[in-house]
Amino acid sequence: MESSLPPAQPILPLALPALHASHGGCWIDNGRAHGQGGDTFARQVSKGDAIIAAAEPGLIVLNAPLVASRLGYPDLAGLDLLELFAFIFPARFMVPTPRGLAHVLDLPEPQGDAAVPAFLRLAAAALIAETARPAWQEREGAWTVLQTMSRLHWPWAPHLVQTIRRPERAERWLFTRLPEWEEAPARPQPAQVVLEPDAIATRLATIAGSDAEDRPAQRQFAQEAGRAFAPRGRTREPHVVLAQAGTGTGKTLGYLAPASLWSAASGGTVWVSTYTKALQRQLRRESRRAFADRATGERANVVVRKGRENYLCLLNLEDALQGGFQGRPAIMAQLVARWAAYSQDGDMVGGDLPGWLGTLFRRRGMAALTDQRGECIYAACPHYRKCFIERASRASAEADLVIANHALVMINAARGRETGGQPTRIVFDEGHHVFDAADSTFAAALTGAETIELRRWVIGPEGKSRGRRRGLAARLADVASYDEDGGRAISRAREAAEALPGDGWLGRIGEGMATGPIEHLLAAVRDVVHARDESGGQDAGYGLETEAAGLDPATISAAGVAHDALEALRQPLVRLGTRLEAILTDPPDWLDGSARARIEGARGSIQWRCDTLGGWIALLARLGGPADPDFVDWLAVDRSEGREWDIGLHRRHLDPMKPFAATVLAPAHGVLMTSATLCDRRSIDAGAEPDWAGAVARSGARYLSIEPRRFAVNSPFNYAAQAQVLIVTDVPRGDIAALAGAYARLIEASGGGALGLFTAIRRLRGVHGRIVDRLARAGLPLYAQHVDPIDTGTLVDIFRDDPRASLLGTDALRDGVDVPGDSLRLVMMEQVPWPKPSILHRARRLAGGGQAYDDAIIRARLAQAFGRLIRSDADRGTFVVLSSAFPSRLISAFPAGTPVRRVTLDAALQSIVASVSGPVAGAIAPAVSGDPA
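Residues numbered from 1 in each chain as written. Predicted model: local features only at pLDDT ≥ 70, side-chain atom pairs only at ≥ 80, totals over all residues. Heavy atoms only, no water.

Draft legend 1. Molecular detail of the overall build of the chain. For the chain, the helix and strand inventory stands at 35 helices and 23 strands. Radius of gyration (C-alpha) of the chain: 29 Å, near the 30 Å computed for a compact globule of 933 residues. Its C-alpha atoms put the chain at 85 × 75 × 65 Å along the principal axes. The buried share of the chain, reckoned over its 933 residues, is 54%. A fraction of 76% describes how many contacts in the chain between residues 6 or more apart in sequence connect residues 24 or more apart. Looking at the chain as shown, the accessible area adds up to about 39500 Å², and 51% of this sits on carbon and sulfur atoms. When the 105 positive and 105 negative side-chain charges of the chain are each reduced to one mean point, those points stand 1 Å apart. (Helix = DSSP H or I, 4+ residues; strand = E, 2+ residues; numbered from the N terminus. Rg over C-alpha atoms; globule rule 2.2 N^0.38 Å. Buried < 20%, exposed > 50% of the residue type's maximum accessible area, 1.4 Å probe, protein only. Contact = heavy atoms within 4.5 Å. Areas by Shrake-Rupley, 256 points an atom, 1.4 Å probe, with all protein chains shown as cover. Lys, Arg positive; Asp, Glu negative; His and termini not counted. Charge placed at Lys NZ, Arg CZ, Asp CG, Glu CD.)

Draft legend 2. Local environment of the packing of helix H18 (residues 448-459) against helix H25 (residues 593-622). Interaxial distance between H18 and H25 falls to 12 Å at its minimum, and their mutual angle equals 145°. The hand of the H18/H25 crossing is left-handed. Contacts from Glu 450, Thr 451, Leu 454 and Trp 457 in H18 reach Ser 605, Ile 606, Arg 609, Leu 613 and Trp 616 in H25. (Axes fitted to C-alpha atoms, helices over the stretch in contact; angles between N-to-C directions. Left-handed = near helix turned anticlockwise from the far one by under 90°.)

Draft legend 3. Spatial organisation of the packing of aromatic side chains. Across all of its chains, the model carries 14 aromatic pairs by this definition. Between Tyr 719 and Phe 866, the ring centres sit 5.7 Å apart and the planes meet at 50°, which makes this aromatic pair tilted. Here Tyr 719, found in helix H28 (residues 719-722), pairs with Phe 866, found in helix H33 (residues 851-866); they are 147 residues apart in sequence, far enough to count as distant. With relative accessibility at 8%, the residue Tyr 719 sits in the buried group. Plain terms: the ring middles of Phe 866 and Phe 879 are 5.8 Å apart, the flat faces sit at 55° to each other, and that makes the pair tilted. With Phe 866 in helix H33 and Phe 879 in strand S22 (residues 877-881), this pair connects stretches of sequence that are 13 residues apart. The pair Phe 866 / Phe 879 is uniform in exposure class, with both members buried. (Phe/Tyr/Trp six-rings, centres within 6.5 Å; stacked < 30°, edge-to-face > 60°.)

Draft legend 4. Representation of a positive patch on the surface. A contiguous patch of positive charge, built from Lys 277, Arg 281, Arg 285 and Arg 288, is present on the exposed surface. Structurally, Arg 285 is set in helix H12 (residues 277-290). (Patch = residues over 30% accessible without salt bridge, like charges linked within 9 Å, V, L, I, M, F, W, Y side chains within 5 Å. Salt bridge = Lys/Arg side-chain N within 4 Å of Asp/Glu carboxyl O.)

Draft legend 5. View of unusual backbone geometry. Phi at Asp 106 takes a positive value of approximately 55°, unusual for a residue other than glycine. Tracing the backbone through its elements, the reader meets Asp 106 in the loop between helix H4 (98-105) and helix H5 (116-130). The phi angle at Glu 430 is positive, at roughly 50°, despite the residue not being glycine. You can see Glu 430 is positioned in the loop between strand S10 (425-428) and helix H17 (434-441).

Draft legend 6. Geometry of empty space enclosed by the protein. Tallied over the full model, the rule gives six cavities of 30 Å³ or more. Its boundaries defined by the atoms lining it, the largest cavity holds a volume of some 130 Å³. If you go around the largest cavity, you meet 15 residues; those closest to its centre are Cys 313, Leu 315, Cys 376, Cys 381 and Cys 387. Looking at side-chain class alone, the lining of the largest cavity contains 11 nonpolar, one polar and three charged residues. (1 Å grid on protein atoms, 1.4 Å probe; cavity = no way out; pocket = protein on both sides within 12 Å on 5 of 7 lines; lining within 4 Å. Points joined across faces, edges and corners; volume = space filled by probe spheres on them. Nonpolar A, V, L, I, M, F, W, Y, C, P; charged D, E, K, R; others polar.)

Draft legend 7. Just the sheet that holds strand S18 (residues 754-757), in detail. Here we have seven strands laid out as an open sheet, ordered S19-S20-S18-S21-S22-S17-S23, and parallel in their pairing. Only two strands of the sheet have a single partner each, and these edge strands are strand S19 (782-784) and strand S23 (900-903). Strand-to-strand twist across the sheet, computed as the mean angle between neighbouring axes with direction ignored, equals 20°. Alignment of strand S21 (residues 826-829) against S22, held across four bridges, turns out to be parallel. If you follow Val 827 over to S22, its bridge partner there is Phe 879. Against the sheet, helix H29 (residues 736-750) contacts S18, S19, strand S20 (806-809), S21 and S22, and its axis sits at roughly 170° relative to S21. Sheet contacts for helix H34 (residues 905-915): strand S17 (723-728), S21, S22 and S23; angle to S17, the most-contacted strand, approximately 165°. (Pairing = 2+ DSSP bridges.)

Draft legend 8. Up close: the sheet that holds strand S11 (residues 444-447). Within the open sheet, the four strands sit side by side as S11-S14-S13-S12. Their pairing is antiparallel. Of all strands in the sheet, those bounded by a partner on one side alone are S11 and strand S12 (544-547). With direction set aside, neighbouring strand axes in the sheet form an average angle of 20°. Bridging between S12 and strand S13 (residues 631-640) involves four bridges; their strand directions are antiparallel. The residue of S13 that forms the bridge with Thr 546 is Leu 635. With respect to the sheet, H25 is in contact with S11, S13 and strand S14 (643-653), its orientation differing from that of S14 by roughly 85°.

Next comes the structure, spelled out in structure tokens:
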């Protein structure tokens, strides 16, 4: 954003105290002038003094939960600049650090921790001054929200009432400000066109731009990708193209070129599916180059689609604003309402809602503002015509390009409720994750958490429950009054749902007081799992599981009773779905467009629940009988930090690509799967052919008896000059102190810019706690998943923004993190990423070739982690594995030509220092010989 500060009117810092707490210490600026110049200064204080100061009202902080975490004082409630920013600049991006705030406000960046408190006072004044500027873009609605915030005793309200004046005319509030979506006719069937290779190359050159370098590999990739758009010859035989393209090939523009060419020529829609939100954001940016804006007045031709649970539900928000939320959550709801009025698409997860906003409030109420439980009442909602979800659904039916995720594409194909029909031309980017997404999508889990949600969906609020939740009878009251059979089906479904677990089910099971057939089954499952536990108390904080085989008669009997109870619920729901279908086929006089849309939505939700119940019933029917070779069944008790939170029975396909092929591939006409790690790397020879066997098996093509087309091109980067892999051999396995010392010295050697990847949260926390203060004193900030109260996306933003920062994390950071440049110059793995020895993994390992199956998984994980390091021609970096027992057969995971050495920790430190250029190296060189943590 442009400078918010009028240069002719310098801003004076707010006359309030400010506190900054880092792992290097605590600093307070009390806001009182000292000396003749009227300047203030910050003083370093102890953590105890900082807590005393934090107990007083009117203290300015930045990211109160993070400060509270560092102080160990959870009751901190100061004037949080992040809340002020979210009010003044809703839907604007900002990295939530002093550096990030300085950049967005065009203020001088504070140099060192001691300068931060004074900066916070200046930033507060600058933000408040913005509200007095006539050019403030987000003025509309601010005065109205501020009146409510004042009644809620929001700490910033008294400081804003002087600058935010009452408007001369009444403001449009959120529900009147949002535009309505419009119905549109069905899109005609796309024309059958054949893309010529020369036309694809021309299109690629056009969207890449005249100043782009000539990349033959990218051109070949684009032309191969174009084969997925050819007319299909036979039903259930789509064109499938598998394309492995190394990092830096330019895959995105490579497939957008033929996709945009086909869409323009055929009038059809292309779906691009990703696994990570980071790639979705990248696609949103780059797609503008390939899909030019349509004529003024027409709808967007590029639409980002996600599952319903990602979007703000306006009815839930209205309930929250009208008293459903109290205290701090009510303030959060007002800030979300401010954002919703300016949001591009209402996407609360990865969209333009700041990822850090939800973490500012103790009660994580963000999920309550979305449609998490499939309770949408569709046309019966007063905000239906302005609904973000419905707008996105309709826009995707008319778009040239829909950017979605793997889960949404698969769920939509399985449930078949997407407006505009199923996608027929699909690009699966991050194709190595299609197997994982299918594994989750086509799974069955009969658990306490799932069954209680089904009970709430059918019955509605019980006891002292509040909110707008309504049961099936309330949502379909008009159907019950009109159709006698439908009314009876609703009543019977409600009666049958009483057999499902209710509130407090987990406590009753733990006390041996289970009620109802499902709770008795879950209690039996818990007893079996604990009885078969052979861990000897090890990893007591983690979940337990056992095979669903050799079960005792009591458990099988409980499963039979539960089976009958679930069937008793499924039957009236099936009957109700049939009655709704009859009403839609032969509509009564009262069935207007609004009622039809509501009943169609209810019918889809009922079908979804019937499918879920069908999966549970099939799972229970198998207990005590012969195993089904196509499935893996097991019992589990889920635990977190020693506390049980769920119990259940689970079923997964041995190969989830079988249902994927039937539901996604078969209806499609063309599918492209692409990734930098689509194939297993078994050879270190640069000229070796890719091993396509695993990629073909994981495409699902063999279940349709088709032979996919294959294409591979290596990365253009010079890994021999740009990267090195160091396998450190002298850090003892299992020694957390030694591991922490190694991490600290490695981060010091690189001067920050390090990404540390862990296979266990417990070790991550152990290492972080031992080294964070030491690094902070050296001016090297360290952040960590599962430690800092910050969402993962924001942690990556902070890491990317500060070249001296480092980040520790788990699997979520191993893939999909794009941090080019100097901010990432070191990737560390604390050990070989072995697969978790679960029952599911054991079954697939047995079917997939034993050790070779494991090795392929590990090589893929190593390749994905290494792929974070070199993202451009200018990148340089080191990849470190702290494992003396690193098998040589796994070295082929790294790109051909990459230097790989087994070294001691001291040698690794010297090598890293030598690889760091410029003044940073000189600043951190002494740390190489420092004492371990």
